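# Fold and contact review
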Amino acid sequence: MTTEASGPDIDAIDGAQPGWVAWLRRVPVTLALAWLVVFIVLLWAVAPGLFTSYSGTVGVPGEQLRPPSLEHVLGTDGLGRDLYARIVYGAVHSLSGAFVAVTVGLLSGTLLGLVAGARGGWTDATIMRLVDSMLAVPSLLLSLSIIVLLGFGTVEVAIAVGAVSVARFARLARSEVIRVRRSDYVEAAFGSGGTFWAVLWRHILPNSLTSVIALAALQFGSAILAISTLGFLGYGAPPPTPEWGLLIAEGRNYLSRAWWLTAAPGLVVVLVVLAADRISKAIGKTAP
Amino acid sequence: MIRYLIGRVGQALLVLMVTFTAAFLLLQALPGDAIMIKFMSPDMALSADQIAEIRAAYGADLPIWERYFNTLANFLTGNFGYSIQAGVPVSQQLRVNLPPTLQLASLGFLAAIILTITIAALSNIVGMAWLRSAIQSMPSLFISVPVFWLGIMLIQVFSFQLGLVSVISPGPVERLILPVLTLAIPISAPLSQILMRNIDEVLAQPFVAVAKAKGASHTWVLWRHVARNAVLPTLTIAGVLFGELLAGAVVTEAVYGLNGLGGLTNQAVGNHDTAVLQAIVVISALAFVSINLVVDLLYPVLDPRLGSKLGMTA
C-alpha cells in the first residue's frame, strides 16, 4: 500500500519525501515503541495461537521449572507450563479487564461530570461532593469495598477498578464542560434555540473529547496495574487462569529456584503501563 | 477569613458524612452478610432460632435507618462495632494493627522524601544530558511498576541473588529494609515529578536571574533560593500521598507477610467482615480530609503571598 511505485507524485518531484514518511519521522521513537507494545499485546489477546504453539493452561510433564531456553523462551513453571505461552494467553484477561474498567469509569464518570458542569447549582454540588468523597478513600480500599459487595472474579475486579476512576473522569469532564460552556459558539448555539441536551451532544461533548480520551489511555495503564494487584491478592480470576497478577503470585512460591516466573510477567505489566502512559501524554498534547 | 474557615471545615465534614454514608450503604446495608457466612455453615450446626438470636445481639435485625443512626452514633464515640469473624471489637483490632503499619508508612515516607530529593537534585546538578534525562524519566518508570512485583523483585535480588538481606529470621531492622524500600519507590514518583516541575518553574523566575547575575553558582542558587520555593507546592498532594501510603502498606504487608492494617484489610475482604472494612475506610477518609484541611489552612501561613490574596477576596 505504498505510494513509492505509483509514479512521481508532487512530493517526489519537489525532492521531498512522501507525506507519510515525513509524518512517520515526526513521531518520536518512544511513542512508536509504545504503540508497538500495545499492538503486540492486543494481538496476543485476539489471536494467542499465532504467537505460541504451547498451551496456556496445560503443562508438559517432566518439563517443570526449566530456565529460559530456545525451546521455552521464558522458561516453564512448576507444572511444566510454558511461561511465555501463559503470558500470551493471559493478555486477554488483563486487557479485557482493563477495557471493562475504563469503559465503566469513562461512561459513568463523563456522564456525571457533563451533567454536573452543564446543570450547575444543586445538581453540581451534590455530584461533586459524591466525587470528593470517592477521592477521599484510597483507590485500593475503594476497590476492595466494591469487591466485598460484588464477590470475587474477573468481571467483578474490573468493575471495582473502573468504579474508582469514575471520580477522575467526572472531574475532568466537568472542568472541560465549564471551559467549553464559556466559549462564544456554545452561547450562540443556546441563543439560536438549541435545547440543553442538543447543545451538550452537538457542541460540548465533541470539544471535551480529546482530554477525556487522554485520561482514558492513562487510566487503561492504571487499570492494568490495579487488576494485576487485585489478582495477586487473590480476588480476581481463580487459578489456572493465566492472569498476569496471578502469574506473579504463583511464581512467588518458586522465588529461590525460578526467578523468571516472577520477573517476566512483571516486566510485561511494566511495559504495557509505560506504553499507555506515553500514548496518553501524546494524546494530551493535542488537546486544546 | 473566618467565613473561609467555616466554609472549608463544613465542606470537610460534609465529605466525611457522604463517605460514611456511602461506606455504610455499600458494606452494611447491601448483601454480603458476614453473620450468615460465619454461622450458617453446616459445621456450626446452629438452629434458625439461635442464628436469629445472634443477629439480634449484633443488631443486624433492626431496620436499616435505625442501624445507620446506631452505627453513626457509635462511630462518633470511637466504637467501630464488632468483627464478626474474630469476635472482638474492631477498635481492639485497630489498636493492635495500626502501630506496625504507621511505623512502616512513616519510614516509607521518610525514605521516599530522601529518594525524591536525590532524584530532583541529581536531575539539576548532573551535567551529562543523557544521564540527566535518564534520571528525569525515573519517576514515570516508578509509577508504572506494580508495588507487589517490586517487593518480590527486591526479595529476589537482595535476598536470593546477593544474599544481603536474610529471609529466615531477620533482625528487627533488617526485616523492615525491603518493605520500606518497596513502599518508598512508588511514593517518591509523584513527589519527584511535582518537585522537578516546580524547580523548573522557579528557575525561570526573575529573582533567580538576579542571583545568578550577582555571581552565585548553580548549586548555591538551587539550595538557597530555589529549594524553599519549590518544596512548598508539594504539600498540596500530602493527602493523596497518605492514601497511596496506606494502599501501598496493604500490598507491601501482603508481599512480606507482615502484620498490620494491610493484613487486617485483606482478612476482612476475604471473610466479608464488613464492620472492619467500614472502619478502615472511614478512618482513612478522616485522615485524608484532615490532612487536606490542615494543608489548606496552613498554606497561607507558609506562603504569605497567598495569605494576602485570600485576605482580599474573603
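Residue positions are counted from 1 within each chain, in the order its sequence is given. Just so you know, chain letters begin at A and ligand numbers begin at 1, following the order they were written in. Reporting of local features is limited, given that this is a predicted model, to residues whose pLDDT is at least 70; pairs of side-chain atoms are given and counted only at 80 or more, and all residues count toward the totals for whole chains, interfaces and linings. The basis for every side-chain value is the complete set of heavy atoms in the structure, and neither hydrogens nor water enter the calculation.

For the purposes of this entry, the term helix denotes a DSSP run of H or I that reaches at least four residues, the term strand denotes a run of E that reaches at least two, and both are numbered from the N terminus. Along chain A, the regular secondary structure elements total eleven helices and zero strands. Moving toward the C terminus, one meets the helices and strands of chain A in the order α-α-α-α-α-α-α-α-α-α-α. The dimensions of chain A, computed from C-alpha atoms along their principal axes, are 75 × 65 × 25 Å. For chain A, the residues scored as buried account for 48% of the 288 residues in total. Taking the contacts inside chain A whose residues are at least 6 apart along the sequence as the reference set, 69% of them involve residues at least 24 apart. Using a 1.4 Å probe on the protein chains alone, a residue whose accessible area is under 20% of its type maximum counts as buried, one over 50% counts as exposed, and one in between counts as partly exposed. Residues count as neighbours in contact if any of their non-hydrogen atoms are within 4.5 Å of one another.

Right, let's get into the pattern of salt bridges. Salt bridges, as used here, are contacts in which a Lys or Arg side-chain nitrogen is within 4 Å of a carboxyl oxygen on Asp or Glu. Overall, the coordinates contain seven salt bridges over all chains when judged by the stated rule. With a shortest N-O distance of 2.7 Å, Arg8 of chain B and Asp296 of chain B are connected by a salt bridge. Of the two residues, Arg8 of chain B is situated in helix H1 (residues 2–29) and Asp296 of chain B in helix H14 (residues 274–302); the sequence distance between them amounts to 288 residues. Taking relative accessible area as the criterion, Arg8 of chain B reaches 14% and is therefore assigned buried. Bridged by salt links that share partners, the residues Arg129, Asp132 and Arg171 of chain A form one connected network.

Our focus in this paragraph is the packing of aromatic side chains. By convention here, two paired aromatic rings are described through the distance between centres and the angle between planes. By convention, a stacked pair of Phe, Tyr or Trp rings (six-membered ring in the case of Trp) has centres within 6.5 Å and planes under 30 degrees apart, an edge-to-face pair has planes over 60 apart, and any other such pair is tilted. Inspection of every chain in the model, using the stated rule, returns eight aromatic pairs over all chains. Consider the rings of Trp44 of chain A and Tyr84 of chain A, whose centres lie 6.2 Å apart with planes at 85 degrees: the pair is edge-to-face. Of the two residues, Trp44 of chain A sits in helix H3 (residues 29–46) while Tyr84 of chain A sits in helix H4 (residues 83–119), which places them 40 residues apart along the sequence. Between Phe24 of chain B and Tyr68 of chain B, the aromatic rings sit 5.3 Å apart at their centres with planes inclined by 70 degrees, giving edge-to-face as the arrangement. With a gap of 44 residues between them, Phe24 of chain B in helix H1 and Tyr68 of chain B in helix H4 (residues 64–76) connect regions that are remote in the sequence. A single burial state applies to Phe24 of chain B and to Tyr68 of chain B, both of which are buried. One aromatic cluster in this structure is built from Phe20, Phe24, Tyr68, Phe69 and Phe75 of chain B.

Before going further, it helps to examine a nonpolar patch on the surface. Patches in this entry comprise residues that are over 30% relatively accessible and not in a salt bridge; like charges within 9 Å are linked, as are nonpolar side chains (Val, Leu, Ile, Met, Phe, Trp, Tyr) within 5 Å. Note that accessible areas follow from Shrake-Rupley with a 1.4 Å probe, and for residues the cover is restricted to the protein chains shown. On the surface, a cluster of nonpolar side chains totalling about 460 Å² of accessible area is made up of Ile2, Leu5, Ile6, Val9 and Leu13 of chain B. With respect to the helices and strands, the residue Leu5 of chain B is situated in helix H1.

This part covers the interface of chain A and chain B. Taken together, the contact pairs 38 residues of chain A with 43 residues of chain B. When chain A packs against chain B, close to 3500 Å² is buried across both sides, 78% of that on carbon and sulfur atoms. For the pair chain A and chain B, the interface holds zero salt bridges. Contacts described as polar in this section are N or O atom pairs within 3.5 Å, which, within protein, must combine one atom able to donate a hydrogen with one able to accept it, while residues neighboring in sequence count only if both atoms come from side chains. Along the contact surface separating chain A from chain B lie three residue pairs in polar contact (both at pLDDT 80 or more). Elements represented by at least two residues in the side of chain A that touches chain B include exactly helix H5 (121–136), helix H6 (139–150), helix H9 (196–233), helix H10 (244–251) and helix H11 (260–285) of chain A. Broken down by element, the side of chain A that touches chain B gets its largest block of residues, ten residues, from H11 of chain A. Summed over both partners, the accessible area lost on bringing two parts together, with a 1.4 Å probe, is the buried area.

Confidence of the predictor at the level of single residues is captured by pLDDT, which takes values from 0 to 100. Summing up the model confidence of chain A, the mean pLDDT is 81 and the portion of residues at 70 or higher is 90%. Model confidence for chain A, summarised as mean pLDDT per element, is weakest for helix H1 (residues 10–13) of chain A at 46 and strongest for helix H7 (residues 154–181) of chain A at 89.

Attention now moves to the confidence of the model for chain B. Residue and element names in this part refer to chain B. Residues at a pLDDT of 70 or more form 88% of chain B, whose mean pLDDT is 81. Taking the mean pLDDT of every element in chain B, the minimum, 56, falls on helix H15 (residues 304–313) and the maximum, 88, on helix H5 (residues 90–125). On the interface metric, ipTM, the complex scores 0.83, and its pTM is 0.83.

Before going further, it helps to spend a moment on the side chain of Ser144 of chain B. Residues and elements named next belong to chain B. Within the secondary structure layout, Ser144 lies in helix H7 (residues 138–144). Using a relative accessible area of 1% as the deciding quantity, one classes Ser144 as buried. In terms of polar contacts, Ser144 uses its side chain to reach the backbone carbonyl oxygen of Ser140, at 2.9 Å.

What follows deals with unusual backbone geometry. At His272 of chain B, a residue that is not glycine, the phi angle is positive and equals roughly 55 degrees. Inspection of the secondary structure assignment puts His272 of chain B in the loop between helix H13 (261–271) and H14.

Bringing the packing of H5 of chain B against H13 of chain B into the picture now. Residues and elements named next belong to chain B. Axes, fitted as lines to C-alpha atoms, cover a helix only where it is in contact. Angles between the N-to-C directions of the axes lie from 0 to 180 degrees. Axis separation between H5 and H13 bottoms out at 7 Å; the angle between their running directions is 130 degrees. Considered as vectors, H5 and H13 are oriented oblique to each other. Contacts between H5 and H13 involve Gln93, Leu94, Asn97, Leu98 and Thr101 on the former and, on the latter, Leu261, Gly262 and Leu264. In the contact of H5 with H13, the residues fall into four nonpolar, four polar and no charged. Comment on the angle field: the value is read as roughly parallel under 35 degrees, roughly antiparallel over 145, roughly perpendicular from 65 to 115, and oblique elsewhere. Residues are grouped as follows: Ala, Val, Leu, Ile, Met, Phe, Trp, Tyr, Cys and Pro are nonpolar; Asp, Glu, Lys and Arg are charged; every other residue, Gly included, is polar.

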